[in-house]
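Descriptive analysis of the structure
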Amino acid sequence: MQLEKNVVNENKRTLERVLYTLHTAKGYSIQNRFLNFWSSLEYILHPFPKYTIIEKARVIVPEVFSLFYLKNKLNIFWSRLTYCMNKKGYKEKYPALDFFCTDCREGKDYSTKKVISYLLDIKKYTT
């Protein structure tokens, strides 16, 4: 299944809000939860052509939640790692982790692309 060629989603913040809404839905009433789930599902599935909404959901929803889960775990890993590396003596004790943090940092946060490319380059962390 592919996106239509003429559709470009430039509003990543909206998609992140949708995922956050779905992630925090435990606190909503049942009616609001259902409406939020359905509108979020329609928003996510809109750019995919031809198939029924059920078929789109069957294929795409597990992928979206898996990506969100991985991104969430990567956020937790990064915050814990940077917290530890900012403690006194950790940079000297673990220079490879300090290099990883420096190499993958983008502003105050990390770059997902840089983390993935760092992990793919075995030479950086096997010597």
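Coordinates for the structure precede this section.
Below, the structure is looked at part by part. Only a predicted model underlies this, so the values are computations on that prediction, with no experimental measurement involved.

Description of the packing of helix α3 (residues 53-85) against helix α5 (residues 95-104)
- Close contact between α3 and α5 brings their axes to 11 Å; oriented N to C, the two are set at 125 degrees. When the axes of α3 and α5 are compared, the pair comes out oblique. As α3 packs across α5, the resulting crossing turns out to be left-handed. Facing α3, whose interface residues are F77, W78, L81 and M85, α5 presents L97, D98, F100, C101 and C104.
- Class assignment for the residues of the contact of α3 with α5 results in eight nonpolar, no polar and one charged.

Digging into α5
- Looking at α5, one finds that the buried residues are F100, C101 and C104. Taken end-on, α5 shows its buried residues confined to a sector of 95 degrees, consistent with a single buried face. Among the exposed residues of α5, those oriented more than 90 degrees off its buried face are P95 and T102.
- Buried residues along α5 sit against α3, β1 (105-106), β2 (109-110) and α6 (112-120).

Overview of α3
- For α3, with 33 residues, the first-to-last C-alpha span of 46 Å sits near the 48 Å given by 1.5 Å per residue.
- At I60, α3 shows its maximal bend, which comes to roughly 35 degrees, and the proline P62 appears one to four places after that position.
- For α3, the set of buried residues is K56, A57, I60, V64, F68, W78, L81, T82 and M85.

How each quantity is defined
Residues numbered from 1 in each chain as written. Predicted model: local features only at pLDDT ≥ 70, side-chain atom pairs only at ≥ 80, totals over all residues. Heavy atoms only, no water. Axes fitted to C-alpha atoms, helices over the stretch in contact; angles between N-to-C directions. Helix = DSSP H or I, 4+ residues; strand = E, 2+ residues; numbered from the N terminus. Parallel < 35°, antiparallel > 145°, perpendicular 65-115°, else oblique. Left-handed = near helix turned anticlockwise from the far one by under 90°. Contact = heavy atoms within 4.5 Å. Nonpolar A, V, L, I, M, F, W, Y, C, P; charged D, E, K, R; others polar. Buried < 20%, exposed > 50% of the residue type's maximum accessible area, 1.4 Å probe, protein only. Arc of directions from axis to C-beta. Expected span 1.5 Å × (residues − 1). Bend = angle between axes of the 7 residues up to and from the residue.

This is a description of form; function is not addressed.
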